[in-house]
Structure formats: C-alpha cells, structure tokens
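Here is how the chains run, residue by residue.
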Amino acid sequence: MVKMEDYAGGTPAWCPGCGNFAILVALRRALVDLDLEPYRVLMVSDIGQAGKLPHYTRGNVLNVLHGRTLPAAIGAKIANPELTVIGVAGDGGSYGEGGNHFLHALRYNHDITHLVHNNQVYALTRGQTSPTSDPGYVTRTTPQGAPTPINPITLAIIGGASWVGRGFAGDINHLVQLITRGIQHKGFALVDILQPCPTFNRKNTFAWYRERVYKLEEDETYDPTDKMMAFSKAVEWGDRIPIGVIYQAERPTFGDYLFPSGAEPLVKQKLDPFSIAPLLEEFV
Amino acid sequence: MVKMEDYAGGTPAWCPGCGNFAILVALRRALVDLDLEPYRVLMVSDIGQAGKLPHYTRGNVLNVLHGRTLPAAIGAKIANPELTVIGVAGDGGSYGEGGNHFLHALRYNHDITHLVHNNQVYALTRGQTSPTSDPGYVTRTTPQGAPTPINPITLAIIGGASWVGRGFAGDINHLVQLITRGIQHKGFALVDILQPCPTFNRKNTFAWYRERVYKLEEDETYDPTDKMMAFSKAVEWGDRIPIGVIYQAERPTFGDYLFPSGAEPLVKQKLDPFSIAPLLEEFV
Amino acid sequence: MVDFDFMVGGEAGQGVQSISQVLGKTFTRGGYHVFADQDYESRIRGGHSFSKIRVKNEPVLAVAEPVHMLIALNKETVDLHRAELVSQGAIVYDSERVTFAVQDPLFYGVPLERLAVERGGNKIMMNSVALGAAIGLVNYDFNLLAQVLTEQFAGRGTVAENNVEAARGGYQYVREYYSKYGMEIKVMGSSRRMLLTGNDAIALGALAAGCKFMAGYPMTPSTPILEYLAGKAGDFGLAVVQPEDEISVINMVIGAAFAGARAMTATSGGGFCLMVEGLGLAGMTETPIVVVEGQRPGPAIGLPTRMEQGDLEFVIHASHGEFPRAVLAPATVEDAFYLTTKAFNLAEKYQTPVIILNDHYLATCYSTVDKFDLSRVNIERGDILSEEEVAKQGEYKRHQITESGISPRALPLTKGALVVTDADEHDEEGHLIESAEIRTQMVLKRQRKEKGIKQEIGQPWLYGPRRAETTLVGWGSTYGPLREAVDILRKEGQDVNLLHLNELWPFPSETVSEVLDGAKRSFVVENNATGQLAHLLRAETGKKITGKILKFDGRPFSPMHIVGELKKEVS
Amino acid sequence: MVDFDFMVGGEAGQGVQSISQVLGKTFTRGGYHVFADQDYESRIRGGHSFSKIRVKNEPVLAVAEPVHMLIALNKETVDLHRAELVSQGAIVYDSERVTFAVQDPLFYGVPLERLAVERGGNKIMMNSVALGAAIGLVNYDFNLLAQVLTEQFAGRGTVAENNVEAARGGYQYVREYYSKYGMEIKVMGSSRRMLLTGNDAIALGALAAGCKFMAGYPMTPSTPILEYLAGKAGDFGLAVVQPEDEISVINMVIGAAFAGARAMTATSGGGFCLMVEGLGLAGMTETPIVVVEGQRPGPAIGLPTRMEQGDLEFVIHASHGEFPRAVLAPATVEDAFYLTTKAFNLAEKYQTPVIILNDHYLATCYSTVDKFDLSRVNIERGDILSEEEVAKQGEYKRHQITESGISPRALPLTKGALVVTDADEHDEEGHLIESAEIRTQMVLKRQRKEKGIKQEIGQPWLYGPRRAETTLVGWGSTYGPLREAVDILRKEGQDVNLLHLNELWPFPSETVSEVLDGAKRSFVVENNATGQLAHLLRAETGKKITGKILKFDGRPFSPMHIVGELKKEVS
Ligand SMILES: Cc1ncc(C[n+]2csc(CCOP(=O)(O)OP(=O)(O)O)c2C)c(N)n1
Ligand SMILES: Cc1ncc(C[n+]2csc(CCOP(=O)(O)OP(=O)(O)O)c2C)c(N)n1
Ligand code: SF4
Ligand code: SF4
Ligand SMILES: [Mg+2]
Ligand SMILES: [Mg+2]
C-alpha cells in the first residue's frame, strides 16, 4: 500500500498562501488513492511556479522548457505506455507558449493527464498578463487591462479532448477526486485548476472563487457525456463558475491509433541491426 | 477605378487543375470590386503552394516563414492601420505550424483578413498529412490513415473570431463575395477556402466538394450573428458542407484596445530623441 | 575619500532591491556615485537575496569586496554575510526579532518591525526603518532620503508619508543610541545625476531612438524593458504587445519594421532560441529589427536570475544560412543607452538585424550616470524613398542591387511603389527565383552590407597604456570590474592594460590584433566555461590568448577575484 | 573503360527522378557503379528539372561534366543542355511532338508519347519508353531494365507489365532505327550492390541502430527520411509521428529518449532553428537525441530544393549556454549509413545531442554502394542500470558527478530508481539549485564528457599523399567531387592532396594542424559564401587557410569546377 510519505518531497519555494500547496497535496493524495508507487509515475513539468511542483513530491521527473510539457510528456508516453504520465504546468505554459501543443494534443487524445495551475497570470516572471487573465485586469504589461482571454474549457471540448475537468485549489477533497478520475481516464484528460496567486493576482483570490464556484457533481441532471450540455457549462464564467468533470467521452487513444494491433513498449524492444537485412534488398 | 489588369502578376507555378487558380482570380476580383489600388494592399503570405499567390498578382508583399503569416501581418497592421492587410496561407501553415498564432489571433480580433487555402494536405512538400486531413486519409507520413483532424471553423467561432466564412474554389462568384465581405469586416476575418489539390489530395476533389457544398446565403432563416446557430453549421462536415458567412459579430478590434483614444499610425509619427527628457527625471 | 559599501540582505519579498535603489538614489542626490548589484533567487517569496551598494566620491563601475555596513532584514543574512564585513563594520538588524548566541560588537540592533508598525502603521515598512537606520548610522542627510521615498510612493496616498515616518523612526533610533558609530558619509553637494539599471538605459535608448513597436514575452532578465515600455506606451504613442510566444514576437517585430516602424524586442537566451528562424527572415528580407538578448546561465533554463556570458558565439552564428548582422554588447549602463540608439540606426541603415547582447548583471545593476546627452542621439533611418523620390526614379525595386549592398527602402502605402519581399531567395523586385546567377548576386549584395557595418563598428576600448606586458581582454558588462582590477594591479606596480570589446560583430580584428601584438601575454576574462571570446578572437585574428580567466557559477566577477585569478596565472 | 554520363531532363511531374533511379539500378545490376544527382525546382508540376547519371566500371562518387546522352522529355531540355553534350553524344527526344529548326546529327528522335500510348496504354509512360530507348542506344541488356521496372511497380497490377512494354517499345525502336550508334555499354557481370540516396542511407542507419521513435515535420531535403521510416513503422515496431510543428518534434524526441527509446528527428535549417532551444534542453538534461539537419541555401526559406553548406557554425554553436555535442557530416552515401549508427551510440554513451549535418546534395543523390555490412554496426547504449544494478548501488542519482562526466542512466519505471532531471541547473539528484558550487561542478561534469566524445571522433580523411604542396580542405558531402578533382590535378602532375572532415565536432584539431603544416598552401572548398570551415579551423588551430573556393548559387560543386577554380587561385 502506497502512503502519503512515499510522496514526500522537498520544501516548496512558493509564497505563503499560494494555491499551489493545495494542488500538491491533492496530487499526492490522488496518487496514494490510486495506489501507484512513485517509480511508476512520470511527472513532466515546465518552467513557472506550477512547474516546480514535481520537486516537492516524489516520482520520475522530466522538467522541461517553458510551454513544452505536453510534447515531452507525449514522447515519453509513446515510448513507454506503461508509465502513468502526468503533465504539470501553468496557464502561461499551457495556453500561451504551449498553445499549439495544447490545441493538437486535444485531437490526438494521448493517454496522459494534464494539470494546469491556472492562476490567470505569469507568476514566476512576476505578474504579467496570461491568456486566461480576466479581461481588463491590469498587469505590468497591460496597463490598459488585459484583452479578451481564451477559455480553455470550451477549447478543450471543441478541440476533441476526451475528458475535461475543472478543479479549485480551495477544495482539496474535490480536487483529489477530480485528479484521480483524470488519471483513471484512458485518453487525454485536462484538469484546469483555479489556483489563486495571492502575490500577483489580486482579483481572482480564494474568496473571489469561493463566492462563485459550484460543483457539477451536486447537480444530478448534469451529464458530462452530453457535449452540448458540457459546452453550455463551459462558457459559464463570472457569477457562477462550475467545477467538476465537465465533459467526458470514450474514443481511441493515440496509442491505439499508432499501433492498432498493439505493440511491445518501444523501450522494451530488442535492438538488432540484422533486422534490416531484408530492407537492403529494396535498393538493389 | 481599379481594373483587373492592375492586379495582373507573374505566371503561377501551380499544377494544372489546381484550386489555387480560382482563389487567385477571386482575390483579384474582390480587390477590384473594393476599388482598392494595389499600393494600399499588403499581402502577407507564408511558404507552401498557397503562399506563392501574392507573386501572381500585384500589391505590397511580405512573404514570410512557414506558419508565420499571422504575426507578421499583425505587426504590419499595428504599425500602419491604413494598410489593407490580407493573410494568405495553407492549412498546414495556418493550423499546424502556425496553430498558436491562429488560436490567439482569434481572441485579439486584429483587423486583418486571413485566407486559408485549405487543401487538407501539405502540398509543397509533396503530400503529407495536414491538421485538416480527413480522418483515415492515407499519406506518406500516415500510412495508417490520418488521425482526428481539427475543425478550423468551430475553433474560430469558439476562439473569438468576429467573422468566419468558408469558401470553395469551385465557386468563384461566391468566393469573390465572401472575400469582399471578409475584407470589409472590421476585425479578424477568417476565410477558410476548400481548395482541391488534384496532385496530392485524391479524395477531396472538385467533384467531391461539388456534391456536398451548399450556400448558407440561400437559406433565409440562417442568421450568422446567432452563435449557437453558427456553431451547429460549423460542425457539419461529410454529406453536406456549408459555405458562406458562417459567423459574424461586432466587437472592438485590437487597434481599439491598444489605443482606445486613437493614435497617429506609428509609421507617421515623428521620431524625436528630446521627447524623453522628462523621463530622465524619473531616475534622479 | 568616501568608498563605502552597504550590503542589504533578506528574503525575496522583503524589499531588498527597493532598499538598494532608494539608498542609491539618496546618495546620488548628495553628489556621490553609486554602483549596486543584485543577487536573488528564482522565487517570489523566501530564500535569500542581497544587494551590495557601493558609494564613492568619484565615478564607480563595480562593487567592492569588503562590506562596511550590513543591513540584515533577517537572521540568515547575518549568518551568510557576517564574514564579509570589514573589522570596523556595522550590522543593522531587528534586535527584537532576532537573537544571536554571541553578541558581536558590530551589532547595531534596531527594532525594525516594531518601529515600522509604530511609525508607519504596517510591519511591511521595516525596510524603510532599516533605510533610515542606515542613513542615520553614517550620519547622512535624512531629508534626501525623505525626498526619495516621497517620490517613490507618489500618488499612493498616505503610503509615502508613512514610509518617511518609518524611516525617520529608524533614523532617530540610531542617532539616539548609536551616535558614536565611527564612519560618516557627509553630503558632498547636490546632484541631478540619474541612478538606473542597464535595462532602464536600454528602454530609454529605445524611446529616444523612436522605437514605435515593441513586442515581448516575459523572460528574465529582460522583462523590465518590456514592462517599462508598456508603461510609457500611452504617452509615447508606441505599441507594446505581449503575444502568445517568442515566435510570434519576432515575426510581429518584422511585420512592424517592414511596414516602417522602428521595432524591437527583448528576451533572454531561451526566448532568443525561438527567434532564430525569424532572425534569418529579417536577414533575407532585409528588414531592420533590434533584438535585445539578456544572457543568463544556460543551457536551457539554467539559473534564471543569474549571470553568464555564454551566448556570444550562438548569437553571432544564430540562424541557418549567411547574412550580415551587428552584435553590440554594452559595457556599462551609460553605454547601454547610446548603443541602443546606435542599434536602431545600424538596423535601418543596413536593413538587417542588430542584436544587443546584454546580460543579467548589467540588466539589473544600478549605476550613477550623468543625464544622457540627448543631443548625441542621431536618428539615421538610412535610405527611405518618399512618394516624390519613387516617382522620379521610375519602377521601384525593393532589392535593387547596388554597390553598397543597400537597396533604398520604400514603405508600403507609398503611392507608385509596390514593396515586395520574400523569405525565398528573390530577384531585385522581390519575387522568388531559382536562378543560380541571381542567387549569387543577391548573396554578394547582402554580404557587401557587412563592410559598411564594419566601418561603423566602434573600436574596442583600451584602458591603461597602449602597450603593456599583460593585456586583459574582456567584453560586455565585465568592463567595470575589469577596469577596477587593472587599477588595483597597476597600483601594485604591474604592467597591465585592458582591451575591452563592446561592439563585437563585425569583429574589429585590426585593433585587437594590434593591441595583442604589443602584449607579452594576454588573458580573456569571461563569464562562461569555454572562453568564447578567445575562440572567436582566434578565428578572426589567428592569435592565441595566453590564458583564460573564466567564471561560470552564475555570479558576476568582482575586481578582487580577477586580480586573484590573474596572480595565480602569472605566478 | 566505361565512364558514361546520361542526362535526363523535363518538367516536374514527368518522372525525371524516377528515370534516373531506374537507369541507375539497371546499370548497377550489370556490375557498374553509378552516381546520379538531382536538380529540381520548388514546384510540383512544370518548370525544369534534370538529373545526371554517371555510369562507370569502377567506383564513382561524383558526376562528370560532359554528357554523352541527353534524354529530353521536353524541348526545353534540349535548349538548355545541348551545349553540355560531347561531340559524339546523343539526344533522345520525342520526334513527333518536338521539332527543331536545325536538325542536329546527334538527334535521335523516338516517338516517345506515341509508343507510350501504343505499348503501355498511357502517355504517362513516355518516361519508360525513353528508358528503353536509352538502354537500346547503348545496346545494354534490356532484361535488366525489365527486371527493375517490374520490381518498381510490383503490386500495382498491370502497371509493371505496361511499363515494361512501353520500355520495350523504345528499346526496339532504337535498335531498329539507330543500331549504328557508336557507344556501347556491355553488361560487366551481375551485382547485388545497392543504389540509394544519402537520405535512404540515414533512414536505414537509424533502423539498424534500433531507432524506436522518430518525430518529424516535413521539410526538404529531409522529408524522405520521415516518409521512409513511416512506411516501416508497422513492421519495425517503431513509432513515427508528424506533430504540429518542429518545437513539438524536438520535445517529443526528448521525452521518448528520456523514457529510454532511441529517438531522432530529421529536418532542415529552418526547422532546426525551431529546435535550438530543445537542443539545449537535451544538453542540460543529458538526454541522448539524434538530429539530422539537411542543409539547403539560406537564410530563411532560401532555395528550398537546392544545395548549400551554410549551417556549420550555426549548428556547432546552436542554443544558448554551453554543453557538449557531436556534429557528424557524412561524406558519402555509405558514410551516411555508418555515421548514423555511430550518432546513436555517441548520443547514448555521452547522453547529449548528436547532429548529423547532411545537405541537399547528399540527401538526394543516388550512389552505388556495397551492401552495408551489418556486422559492423555495434549498438552501444552506454551505462544503463538494470533494476538489480540500481538495487546494488543504493540511492540512484540521475546526475551523479563522475570523472568521465557520464552519470549512469536508469530508465523511468525501474523499480528502486526515481529518475529526476530538470531544465534548470540541478544537483546530482536532478533537483533545481541556486548554489554557485553545484553549478560549477555540474558545468565541469558536462564539459568532461566532451573529452570522451573527442576521443571517439574519427580522424579526417586524407586522400593523396600525406604531404603535398597544395592541400584542399573540405567537409561533408563535397568529398566525391573533391576526390575526383584531386585525381584530375594529380594526373596533370600537380602535387595536391585532400584533407576531408566528416566528423566535425569536437574538432579534430591535431590531425588538421599536422596535415596543414605539411602543405605549402591550402584551400577550403565549401558550398557557402563565407568559408565557415576556414573560420572554424582557424579558431581551433590558429592556421590561416591560403584561399577559399566558395560556391553559393545553390548548385553542388563539380570536379572540373574545383579544378578550374584552383588553377585560377594558384596561377
Ligand atoms: C522560452 C521561454 N520564454 C519565457 C520564459 C520565462 N518564463 C518562465 S516562467 C514564465 C511564465 C510562467 O507563467 P505560467 O506558465 O502561468 O506559470 P506560473 O508561474 O504562473 O505558475 C515565463 C514567461 C522561459 N523560461 N522560456
Ligand atoms: C519551419 C519550416 N518547417 C517546414 C517547412 C517546409 N514546408 C514548406 S511548405 C510546407 C507545408 C505546406 O502546407 P500548407 O501550408 O498546407 O500549404 P500548401 O502547400 O498545401 O498550399 C512545409 C512543411 C518550412 N518551410 N519551414
Ligand atoms: S507568485 Fe503566486 S503562484 Fe507563485 S508561489 Fe507566489 S502565490 Fe504562488
Ligand atoms: S500540388 Fe496541389 S496545391 Fe500544389 S499546385 Fe499542385 S495541385 Fe495545387
Ligand atoms: Mg500562471
Ligand atoms: Mg495545404
């Protein structure tokens, strides 16, 4: 049985009161609940406050360039599908610098879980606007206020993600459930997490979110497999903000697509130069 | 009065039967209809068969790197809003290599018109899969058939584009209208054009499209300002494919956002080193 | 003579940098010269950061080794830096929150937090209390501090007033309890010199040069340039945008420059990597752009908030294919301003990219500088044809082949001219070609521009005698420490001079060769692990440098470190 | 002795390349050696493209200047290339579709299109008719051609048969009408040698080396590597993916390599630009990756389907910061195969990126090559710890500091080991740090790996005597033309040798210095405009090359061109 101590790591370098602490605890608890030993888990993260998370727990870790979490995670998953691969990144890395990877990961349906610490700001670089900053929010690079943001939830649903959830760092128990389900899902699971950054985001605070979030799980009529219903929830933002599993569907993963009849994990295959002998004949 | 000859350019290096010829004619006619002299127009294009178009007509031309049409066009438009800026690119450049720029151009609502020659294939590089290849379509890089594509029309509507149209290279008159309206629109106008590539796309031919396309303009109940209606048309693909203005809305452009109280075009401003004298005091 | 070093240390978030800046301004106003550096971690709160602030009665371009006063915002600062203090030094710390096992005679306890609350109303103002205490200990003029604080917090209601009161609390406390502290800094006079960082100087340089378009994606150490310009965009009618990524950035800059606006960006090595393809596009389309590359330790993310000079050869060879470019690496804060204005001129005159190779050290250190002489800033836009000129000339060809390699520009929307350019190889009209002959002509045309640029490249700076037994060779921001090292060594009787390069490419081979010919031995001093200047210099001149003094731990050189390393080398 | 040059020319889409390949295979099977190059435009239909196919009774590595037979699929081909024909030459053309004002005695008209329709059923088969005619004119064995065509179209129903019949039509026509044509090529024997391009060789090398993950984004000239591997993915259990862009590509490759698969990509300069930041990430995280960079003329898009060696210095210095890498530039098609297998070994043994610097010429030219000796291919994966080894060793540290600089790898999902790495500077465990000491240690550790790589770098090839008055210095794919140029010059009595570099970085300075010391004068021969090897060589050895023979028109060197240029230089 895996225990919380198995996932004890270094001391976080985050600010007191940062929403990231809750996400760290929730991820650790989810992994414990799933009884996954750390050596079975690969966390891929990028640069930003979010990206530091893997250093504060245990597991295999590939920390990459800002915005490149997804391609690195995808490469690793294709090479060894037996790894549980979890992406960890910020809103800037995921939707800004890494926006193209995000867009295309949605349609390919890679079997990885992507946690986005969405604090609606570039935190590690000290508070510039991010693609999810609320419109009008003033930052040092947008003295006139931020422009129209993107909505990662609608994009994910429309773009082809097979599992889309939104969590809130202010509700750990709910977040544990959400991350657990995301990891269990076979296919690309986006977990967009509302993460207050008390230092640089003075608007979207714990209190601000608490007043607004409500759980989809509490609405019995809500059916996350209904795309149009999911879409109507996805566009909600402002007075009421839904959290929970917003959308889910079953469709073949990229692994299924790549090797329809299955294949030995690439990393386990034998390397044999003589295997190419028949190919040489093609060139005679 | 501007005439068709004003827009006569070099001899196209396209294959006989290519859909690009019709797009070239349509663009020229639209510019003539709009009575825009060539020196008022800036065509920004990238690398690919589509990207060669500006060489075959007249105007100011900035031909850039594969996938980079949009940022270059945006930079030019911000610097000189008096230019009519038209982006010309393929599906690969627009939605693959340039996917991130596309995603973000939607939300910023730059006042440019972007023509995508969507042949659902990488043509200039000789026939690899593109982000819009029909699923299962076999190319040299996808012997197992192409994976799930993106739908640029839904993405554009959801992503915030204020004007979204789809044209067909097999219907020039309709295409002329569409491009004209796109250019007239104040804000980001995406004109996705179904462009048969007889050489590398043996599936989506003129005949294939002809059997399927129908004009939204012919349906009197269709209201492109109704987002949900637009969305329901946007997801149509297969037996019936709508062309025409799919979505339109009015919202402030990026120029309005950047200079809410207006500004002299950047290129017309006087450069004066002494203007910074007051700033030096800040550092005393 | 006054040559006094403060050091302030604490956690990220306690205002170390702000103390350092206010202290610097306060002494600058009193006629002193200040140089301050910044050492901080890549985190927002906690950890340890510190700054040295050197105050001197004559120009100063580096911090010195010994510390005279340590302003400790937490206990760790004392533990870490106690040993760096001179024997007569002072440690200002919060006597009510921090206790030490051994009570040191240098300890000057001040109830920082209590006074902050009592006088300012908020414990966050303990940094102002500390400022007051520091000023008080050296018996400097409190009014100058009060002035600076007031301006610093102008427009924020009672905040300014409260901070001044907090500072006054610290000031009065030390005047009362520690009036017999030995070292004094008297006001020398009144000065309107500026105190600013390399980043500030570059941002101001860009504005002075008429930069009208700035696109940037945040990246340490260059983010402040983007932020400063964003703050001035409204007033100066320039467009400042933060797009989705650095690829978008560089291509927007190219678009804006093509349309006719002076355009730039600022990034670090990682962001620059993403701009490399665009750099070549600017080269091919002959579009004038300015790119600031603020180096930090690599590869990859490396040490985001630290110092390195590891990108020299990368930047000179960046992008596939061959095209002319200029690379300028400012030596001082002042140099950063003037070189930035020069960068825009070179870019437009030669229609090609110009790179300002900055680094974390110069980007973040504060230096006292005379007000920039704006009459020295010329705006040379090169050949841009008006409508009339176009009409006179007949058919306009964007890439006309000329002897200088420079083709007159016309800007789009010039009646009579169609401005056509292509990322592919093209003919004079800008249309794509396959011809071997035209290709050759176009390569040669672009190459000829390099000759012109080379003539405009400033000569390396020589400090000390023209010939010396030992020549130190440096580049970029190490100038200050190197210069001081030469002073120290010469005072000790050693025959040393300094050859310093701040305009690096096209490489000023002749002067470098000549100076090295006069030296018995030569040493490059570089903040990197391989000696990139030595490598480049050998490629350009054939000369082999005797030895390399290298440092690649993410920290800048200090003069004494250079002196020490050189002695090891030549002993 | 047979040394016969065919040239085939026509529009894009007429099958020039396919004729060249089939002709090449046909003669290779008869015991000859073939070398064929490709000249084509960046378009799919129309324009002009051509190929030279040289057939020799002994090994051949370049095409020669004079053409013995011109196979003209259109009139333009005759107009453009008539002058290149030897006086005894022949021009095969469609006598019913093309007419010429002056009827040349060399004209061998064949009703290509008519025979294609009559015999093959489709005018598209006129290229097969032309093939038959060419074989017939030189009175070669038609059966060999029929064999090759049959295999070429295998699995496509009657297409194979129809093409053979079309070819037979051409063959019979010329045997009937032109049986007295003077030059013959007799079958020499039977051979199972291969005919393949540099791209083919690299793709096969990757498969032989056990590459299990290939990500690529199409870009000339490297696309065929991606396409070939995609075609074999199913059979060889390797994953081949075409992601959204090159940034995704390189980071996927890094992810796959980190997880433990041998992983690679192939691109050109423009795509490589976008991979540069990832290259540094591989350096920092010590992840073994192989990147093929197929050069073409730059900057920017340049001439997409043409030849240049303009990226040498870029590739050696690419990415900010400093880390070890290897750069291998295959000299021949055969070399491309073995160097590719070596690239994977170097990458894994030294856990760092290895770049195969290919170019458009080598990528696309066909060469007769002995079957690759698969027993020469060793798979050396370096230190990878098993579960047992990890258990024995105790705590696993991914970036353990060692004398060689190499830290034993464990792959994720090895029980007992947590594999942790970071794009930031990190400690032995892989966790990010701020410490100056650890930073220094880690930089030195990575740097030490370069020593190991340097020892494995093969020595430059020396052709001709060890010492000569004139030494030509080349690198990469120019080996064939250079070697032949040396042969020509030596036959003329000149004392010339060739120093050729195919393993370029770490630079083999010692041998290069030694050989140059023996030469009175030396000339680099490079397909670029600045002489990048000369620059690099001087940086590494201090030696100044006497002169540069440069070509940058997008076309490869021919032996005679080199001979001519050298004579100009030394006269
Ligand atoms: C290519 C590149 N550009 C910019 C940076 C600088 N950078 C580091 S973190 C960051 C923003 C992080 O924002 P986000 O991803 O939202 O993470 P957060 O810090 O808010 O958790 C940026 C721009 C970088 N490291 N690399
Ligand atoms: C960075 C980069 N990667 C790849 C290429 C090669 N390339 C040129 S055109 C093209 C694909 C073009 O496809 P698309 O945009 O759909 O245009 P089409 O030719 O189909 O009109 C590619 C991959 C390039 N020029 N630059
Ligand atoms: S800056 Fe914001 S996101 Fe970063 S650690 Fe502090 S509170 Fe958290
Ligand atoms: S390859 Fe396709 S897109 Fe390109 S010119 Fe030919 S038909 Fe048109
Ligand atoms: Mg964020
Ligand atoms: Mg296309």
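Calculation criteria
Residues numbered from 1 in each chain as written. Chains lettered and ligands numbered in written order. Predicted model: local features only at pLDDT ≥ 70, side-chain atom pairs only at ≥ 80, totals over all residues. Heavy atoms only, no water. Helix = DSSP H or I, 4+ residues; strand = E, 2+ residues; numbered from the N terminus. Rg over C-alpha atoms; globule rule 2.2 N^0.38 Å. Contact = heavy atoms within 4.5 Å. Areas by Shrake-Rupley, 256 points an atom, 1.4 Å probe, with all protein chains shown as cover. Lys, Arg positive; Asp, Glu negative; His and termini not counted. Charge placed at Lys NZ, Arg CZ, Asp CG, Glu CD. Domains from an automatic or database assignment. Buried area = accessible area lost by both parts, 1.4 Å probe. Salt bridge = Lys/Arg side-chain N within 4 Å of Asp/Glu carboxyl O. Polar contact = N/O pair within 3.5 Å; in protein donor to acceptor, adjacent residues only side chain to side chain. Least-squares fit on C-alpha atoms with pLDDT ≥ 70 in both. Donors = N, O, S within 2.8 Å, 3.2 Å for Na, K, Ca; no water. Buried < 20%, exposed > 50% of the residue type's maximum accessible area, 1.4 Å probe, protein only. Near = heavy atom within 4 Å. Nonpolar A, V, L, I, M, F, W, Y, C, P; charged D, E, K, R; others polar. Pairing = 2+ DSSP bridges. Axes fitted to C-alpha atoms, helices over the stretch in contact; angles between N-to-C directions. Core = buried A, V, L, I, M, F, W, Y, C linked by side-chain atoms within 4.5 Å.

Explain the overall build of chain C here, please?
Looking only at helices and strands, chain C features 19 helices and 21 strands. Its C-alpha radius of gyration of 26 Å places chain C within 12% of the 25 Å reference for a compact globule of 571 residues. With the C-alpha coordinates of chain C rotated into their principal frame, the extents come out at 85 × 60 × 40 Å. Sequence-distant contacts in chain C: of pairs separated by 6 or more residues, those separated by 24 or more amount to 74%. Surface exposure of chain C reaches about 17100 Å², of which carbon and sulfur atoms provide 46%. The averaged location of the 72 negative side-chain charges in chain C is 4 Å from the averaged location of its 58 positive side-chain charges.

Before we go on, may I ask you to explain the domain arrangement of chain C in this structure?
Frequently, the measure chosen for interface size is the accessible area removed from exposure when the parts meet. Residue and element names in this part refer to chain C. Partitioning chain C into domains gives domain 1 (3–191), domain 2 (195–376), domain 3 (387–456) and domain 4 (461–570). Inter-centroid distance (C-alpha atoms) of domain 2 to domain 4 is 26 Å. Contacts between domain 2 and domain 4 engage 27 residues on the former and 27 residues on the latter. Taken together, the two surfaces of domain 2 and domain 4 that pack against each other cover about 2300 Å², and 56% of this comes from carbon and sulfur. Considering only the side of domain 2, the residues that lose the most area to domain 4 are Gln 309, Leu 312 and Glu 313, jointly responsible for 28% of the buried surface there. Here domain 2 is connected to domain 4 by 1 salt bridge. Ionic pairing is found between Lys 342 and Glu 503, a salt bridge with its closest N-O pair at 2.8 Å. Our count for the contact surface shared by domain 2 and domain 4 stands at 15 residue pairs in polar contact (both at pLDDT 80 or more). Among the elements of the structure, α11 (312–317), β12 (326–328), α12 (333–350), β13 (354–359) and α13 (360–364) are those that each provide at least two residues to the side of domain 2 that touches domain 4.

How should I be thinking about the relation of the copies chain D and chain C in this particular structure?
Two chain copies, one operation linking them: a rotation about an axis together with a shift along it. With an RMSD of 0.0 Å, the operation that places chain D on chain C is a rotation of 180 degrees combined with a shift of 0.0 Å along the axis. Taken together, the rotation and translation relating the two chain copies correspond to the operation of a two-fold axis. Among all residues of chain D, the minimum C-alpha distance to the rotation axis is found for Ala539(D), at 1.9 Å.

Would you take a moment to explain the coordination of the magnesium ion (ligand 6) for this structure?
In a perfect tetrahedron of four donors around a metal, the angles come out at 109.5 degrees. In a perfect octahedron of six, they are 90 or 180 degrees. Residues and elements named next belong to chain B. Protein coordination at the magnesium ion (ligand 6): the donors are Asp 91 (OD), Asn 119 (OD1) and Val 121 (O), at 2.1 to 2.2 Å from the metal. In the primary sequence, the donor residues of the magnesium ion (ligand 6) line up as D-x27-N-x1-V. Side by side, Asn 119 and Val 121 carry an identical accessibility label, which is buried.

So what exactly am I meant to see when it comes to the site of ligand 3 here?
Around ligand 3, the surrounding shell holds 13 residues, and the nearest of these are Cys15(A), Cys18(A), Gln49(A), Gln195(A) and Cys197(A). Ligand 3 sits at the junction of chains A and C, each of which supplies nearby residues. Class assignment of the residues belonging to the shell around ligand 3 gives a composition of 8 nonpolar, 5 polar and no charged.

Can you help me understand the coordination of the magnesium ion (ligand 5) in this one?
Residue and element names in this part refer to chain A. Every protein donor of the magnesium ion (ligand 5) is accounted for by Asp 91 (OD), Asn 119 (OD1) and Val 121 (O), and the metal-donor separations fall at 2.0 to 2.2 Å. When the donors of the magnesium ion (ligand 5) are listed by position in the chain, the intervening gaps give D-x27-N-x1-V. Here the residue Asp 91 occupies a position in helix α3 (residues 91–97), and Asn 119 occupies one in the loop between β4 (113–118) and α5 (152–159), the gap between them amounting to 28 residues. A residue is classified by how much of its surface remains accessible, and Asn 119, at 5% relative accessible area, is buried.

Explain the sheet that holds strand β14 (residues 366–369) of chain D here, please?
The strands that make up a sheet pair up through hydrogen bonds in the backbone, lying either parallel or antiparallel. Residue and element names in this part refer to chain D. An order of β6-β5-β4-β1-β3-β2-β14-β7 is seen for the 8 strands of this open sheet, with the pairing classed as mixed. In this open sheet, the two edge strands, each paired with only one partner strand, are β6 (107–110) and β7 (194–197). Across the sheet, the mean angle separating the axes of adjacent strands is 20 degrees when strand polarity is ignored. In terms of strand pairing, strand β2 (residues 33–39) meets strand β3 (residues 46–56) through 7 bridges, oriented antiparallel. What sits directly across from His 33, in β3, is Lys 56.

Please clarify how the interface of chain D and chain C should be interpreted in this entry.
The interface is formed by 64 residues belonging to chain D together with 65 residues belonging to chain C. When chain D packs against chain C, the two sides together hide about 5200 Å² of surface, and 58% of this comes from carbon and sulfur. Joining chain D to chain C, the criterion identifies 4 salt bridges. Residue Arg306(D) pairs with Glu434(C) through a salt bridge whose shortest N-O separation is 2.9 Å. On inspection of chain D and its partner chain C, the count reaches 37 residue pairs in polar contact (both at pLDDT 80 or more). Breaking the side of chain D that touches chain C down by element, the ones donating at least two residues are α10 (269–285), α11 (312–317), α15 (436–456) and α18 (532–541) of chain D. Residue contributions to the side of chain D that touches chain C peak at 9 residues, all from α10(D). Of the residues belonging to the side of chain D that touches chain C, the class tally is 26 nonpolar, 22 polar and 16 charged.

What exactly am I supposed to notice about the nonpolar core here?
Burial of nonpolar side chains together is a common tendency in soluble globular proteins. Judged by nonpolar contacts, the single largest core of 290 residues is most densely connected at Phe213(C) and Phe213(D). Beyond its immediate sequence surroundings of up to four residues, Phe213(D) is in contact with Gly75(A), Ile78(A), Leu266(A), Ala239(D), Val241(D), Met252(D), Val253(D), Ala256(D), Ala261(D), Arg262(D), Ala263(D) and Met264(D).

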